[in-house]
Structures are given as C-alpha cells and as structure tokens.
Amino acid sequence: MQPLIYHNPNCGTSRNTLAMIEASGETPEIVEYVDNPPSRERLLWLVDQMHMAPRDLLRRKGTPYDELGLDDATLSDDQIVDAMLAHPILINRPIVVTDRGVRLCRPSERVLDLLDQPIATFTKEDGEVVTHSKDDA
C-alpha cells in the first residue's frame, strides 16, 4: 500500500513528516486536507484506527477552536466531528496511513515506525537530527 498523508504544507511538522516518508524511498499520496477534507465516514475511521476520541484530534493553535467554544466538555463526539468537517484546520496533522497502521505523527519522527524502510538519520527543518533503528519499531 502506498502511504497516504493528510498534509498541511504550511505546517513544519507536516513538511518534516512528508520529507521523512520521501527520504525513506516512498512516494505517498498527499491529501491537503484543509482544501480537501476527509468525509465524515473517513474522519471517523481515522479516529477509530488511531484509538482516540475525536476531541483528541482537535488542533487549537491557529484555528477557530476558542471562538467555537470547543473547550466545552459537554460537546458530543458528533459535535466535535461537525466542527472539524466545517473547519478542517481543526484536524490535527499530519495523519499518516500505511499498511502498518494509522498515526497522528506529532512529533514527525512517529512516522518512521509506519514505513517499510525508514531512513536511519534525518535532519528536520529546524536542524534537529532524528535517528531511527529497526529496534525502534
């Protein structure tokens, strides 16, 4: 299976994750989810595969989270999903899907365990060097 990344090119973590995938020899399918959000069914599937609640996938920074009152603990999962579908920037990123699983890759090096041939050493945009060995998987 070709890796798939729900990507925001304006996000450094997302750019680093994509670069790690590509440096590992993979050519991922890239979904710029802000412009092409997943369907409700797909979003619920992603959340389920990551074993998290919809609220756990919410992004606060740089989003309308506060304006929408999404910190209200009484909001249902359906209401949270509705907000993410109406404002896709609320979906935390990047999410990567491979044969090995589905993961929110924050930090970006979390993607390495999802790849068949992960790169051993990678330098992020900020200069941080990430190392990975097969024993890390």
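Since the model is a prediction, treat every value here as computed from it, not as a measurement. (Residues numbered from 1 in each chain as written. Predicted model: local features only at pLDDT ≥ 70, side-chain atom pairs only at ≥ 80, totals over all residues. Heavy atoms only, no water.)

Asker: I'd like a rundown of the overall build of the protein, residues and numbers included.
Answerer: Looking only at helices and strands, the protein has 3 helices and 6 strands in total. When the helices and strands of the protein are placed in sequence order, the string is β-α-β-α-α-β-β-β-β. Against the 2.2 N^0.38 benchmark of 14 Å for 137 residues, the protein shows a C-alpha radius of gyration of 15 Å, consistent with a compact globule. Along the first, second and third principal axes, the C-alpha set of the protein runs to 45 × 30 × 25 Å. (Helix = DSSP H or I, 4+ residues; strand = E, 2+ residues; numbered from the N terminus. Rg over C-alpha atoms; globule rule 2.2 N^0.38 Å.)

Asker: How would you explain the sheet that holds strand β3 (residues 95-98) if you had to name every residue and give the values?
Answerer: Backbone hydrogen bonds hold the strands of a sheet together, and the pairing may be parallel or antiparallel. Taken in spatial order, the 4 strands of this open sheet run β2-β1-β3-β4, and their pairing is mixed. The two strands at the open ends of the sheet, each matched to only one other strand, are β2 (29-32) and β4 (101-104). Taking each pair of neighbouring strands and ignoring which way they run, the sheet shows an average axis angle of 15°. Here strand β1 (residues 4-7) pairs with β2 via 4 bridges, running parallel. Directly across from H7, in β2, lies its bridge partner E32. The strands touched by helix α1 (residues 12-23) within the sheet are β1, β2 and β3, with β1 carrying the most contacts at an inclination of about 160°. Contacts between helix α2 (residues 40-49) and the sheet are confined to β1, β3 and β4, with β3 contributing the most and set at about 80° to the helix. (Pairing = 2+ DSSP bridges. Axes fitted to C-alpha atoms, helices over the stretch in contact; angles between N-to-C directions. Contact = heavy atoms within 4.5 Å.)

Asker: Run through the nonpolar core, naming residues and quoting values.
Answerer: Core analysis: the biggest nonpolar cluster contains 22 residues, and Y6, L57, M84 and I95 have the highest contact counts within it. Breaking this core down by element, the ones donating at least two residues are β1, α2, α3 (77-86), β3 and β4. Leaving out residues up to four positions away in the same chain, M84 has contacts with L43, P54, L57, L58, L90 and I91. (Core = buried A, V, L, I, M, F, W, Y, C linked by side-chain atoms within 4.5 Å. Buried < 20%, exposed > 50% of the residue type's maximum accessible area, 1.4 Å probe, protein only.)

Asker: With reference to specific residues and values, describe the packing of α2 against α3.
Answerer: At a closest axis distance of 11 Å, the pairing of α2 and α3 adopts a crossing angle of 120°. Relative to α3, α2 is oriented so that their crossing is right-handed. Across the interface between the two elements, R40, L43 and L44 of α2 pack against D78, V81, D82, M84 and L85 of α3. Tallied by class, the residues present in the contact of α2 with α3 amount to 5 nonpolar, no polar and 3 charged. (Left-handed = near helix turned anticlockwise from the far one by under 90°. Nonpolar A, V, L, I, M, F, W, Y, C, P; charged D, E, K, R; others polar.)

Asker: I'd like a rundown of α2, residues and numbers included.
Answerer: Of the positions making up α2, those classed as buried are L43, L46 and V47. For α2, the arc enclosing every buried residue in end-on projection is 95°, short of the 170-degree limit, so these residues lie on one face. (Arc of directions from axis to C-beta.)

Asker: Account for α1, naming residues and giving values.
Answerer: With 12 residues, α1 should cover 16 Å at 1.5 Å per step; its first-to-last C-alpha distance of 16 Å lies within 8% of that length. Buried residues of α1: S14, N16, T17, L18, M20 and I21, and no others. Next to the buried residues of α1 lie β1, β2, β3, β5 (121-123) and β6 (129-131). Immediately downstream of α1, the backbone of G25 shows phi near 90°, a positive value. (Expected span 1.5 Å × (residues − 1).)

Fair warning: the whole summary comes from geometry, so function is off the table for now.
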